[in-house]
Amino acid sequence: MTEIRNIVLIGFMGAGKTVIGRAIASALNRPFFDTDTMVEETAGVKIEAIFGTLGEDAFRELEMRTIQELSSIKGAVIATGGGAIKNQENVAALKREGFIVYLYARPEVLLARIKQGGERPLAADIETVDGMQMLLAEREPIYRKMADLVVDTSDALVNDVENEILQAIGY
Ligand code: S3P
């Protein structure tokens, strides 16, 4: 992989994209961008509030604009929101300069993780693995198709996942 490509982390809520992204950026001394944080900065409010007052479509529009902005950046580490890949334009923009890493985790592991952090609007109604099935069924094939590398984070420590990615990019 050339030095300047972005490393783009994709995957479901709770996959660890932000935590792993920060760790990789720090190890490689590269800038780190988190699309959710950028959307919140643009909107001036938290994602929960965007969903609550403006709705999901408004969030997706802000998310798309954020990803378009990032598409001209090189050499960064980018953590995406779990649903960003639903939009074909986002997929194309992320793939253009990006080495795509799909952080996989087993559904029951994802559920336990998203129930721990209480700030995700789409997680609020999900109580069981079955309840996640629609979102997972829609997204899993896209994550896999986009990915240059798939890493299973289900039972792994942050450090292990970080090392696996660094090794894959030849660091
Ligand atoms: C979403 C995931 C969230 C955030 C928003 C919608 C989704 O990001 O973008 O709540 O559609 O899966 P994380 O995957 O970082 O939790």
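Look a little higher up for the structure.
Here's a quick rundown of the structure. (Residues numbered from 1 in each chain as written. Predicted model: local features only at pLDDT ≥ 70, side-chain atom pairs only at ≥ 80, totals over all residues. Heavy atoms only, no water.)

**Regarding the packing of helix H2 (residues 35-43) against helix H4 (residues 56-70)**
Where H2 contacts H4, the axes come no closer than 9 Å and their chain directions differ by 110 degrees. Comparing their axes, H4 and H2 come out roughly perpendicular. As H2 packs across H4, the resulting crossing turns out to be right-handed. Every residue of H4 that contacts H2 at Thr35, Asp36, Met38, Val39, Thr42 and Ala43 is listed here: Phe59, Leu62, Glu63, Thr66, Ile67, Glu69 and Leu70. (Axes fitted to C-alpha atoms, helices over the stretch in contact; angles between N-to-C directions. Helix = DSSP H or I, 4+ residues; strand = E, 2+ residues; numbered from the N terminus. Parallel < 35°, antiparallel > 145°, perpendicular 65-115°, else oblique. Left-handed = near helix turned anticlockwise from the far one by under 90°. Contact = heavy atoms within 4.5 Å.)

**Describing the pattern of salt bridges**
Following the criterion strictly, the structure yields ten salt bridges and no others. Here glutamate 63 and arginine 60 are joined by a salt bridge, their closest N and O atoms 2.9 Å apart. With a gap of three residues between them, glutamate 63 and arginine 60 both fall in helix H4, about one helical turn apart. We note that glutamate 63, like arginine 60, is buried. Among the salt bridges present, the one from arginine 144 reaches glutamate 140, with a minimum N-O distance of 2.7 Å. Taken as a pair, arginine 144 and glutamate 140 lie in helix H7 (residues 129-146) at a separation of four residues, close to a single helical turn. Glutamate 140 sits in the partly exposed class, given a relative accessible area of 22%. Bridged by salt links that share partners, the residues Glu56, Arg60, Glu63 and Lys86 form one connected network. (Salt bridge = Lys/Arg side-chain N within 4 Å of Asp/Glu carboxyl O. Buried < 20%, exposed > 50% of the residue type's maximum accessible area, 1.4 Å probe, protein only.)

**Examining the site of the ligand**
The ligand sits among 13 residues. The nearest are Lys17, Asp36, Arg60, Arg120 and Arg139. Between the ligand and lysine 17 there is a distance of 2.7 Å, counted from an oxygen atom to a side-chain nitrogen or oxygen. One nitrogen or oxygen atom from the main chain of glycine 82 is found 2.8 Å from an oxygen atom belonging to the ligand. Alone, the ligand offers 380 Å² of accessible surface; in the complex the protein occludes 95% of this. Judged by the fraction of its atoms near the pocket grid, the ligand is located in the largest pocket. By residue class, the composition of the shell around the ligand is five nonpolar, three polar and five charged. (Near = heavy atom within 4 Å. Polar contact = N/O pair within 3.5 Å; in protein donor to acceptor, adjacent residues only side chain to side chain. Areas by Shrake-Rupley, 256 points an atom, 1.4 Å probe, with all protein chains shown as cover. 1 Å grid on protein atoms, 1.4 Å probe; cavity = no way out; pocket = protein on both sides within 12 Å on 5 of 7 lines; lining within 4 Å. Sits in = over half its atoms within 2 Å of the grid points. Nonpolar A, V, L, I, M, F, W, Y, C, P; charged D, E, K, R; others polar.)

Shape descriptors only; they carry no functional weight alone.
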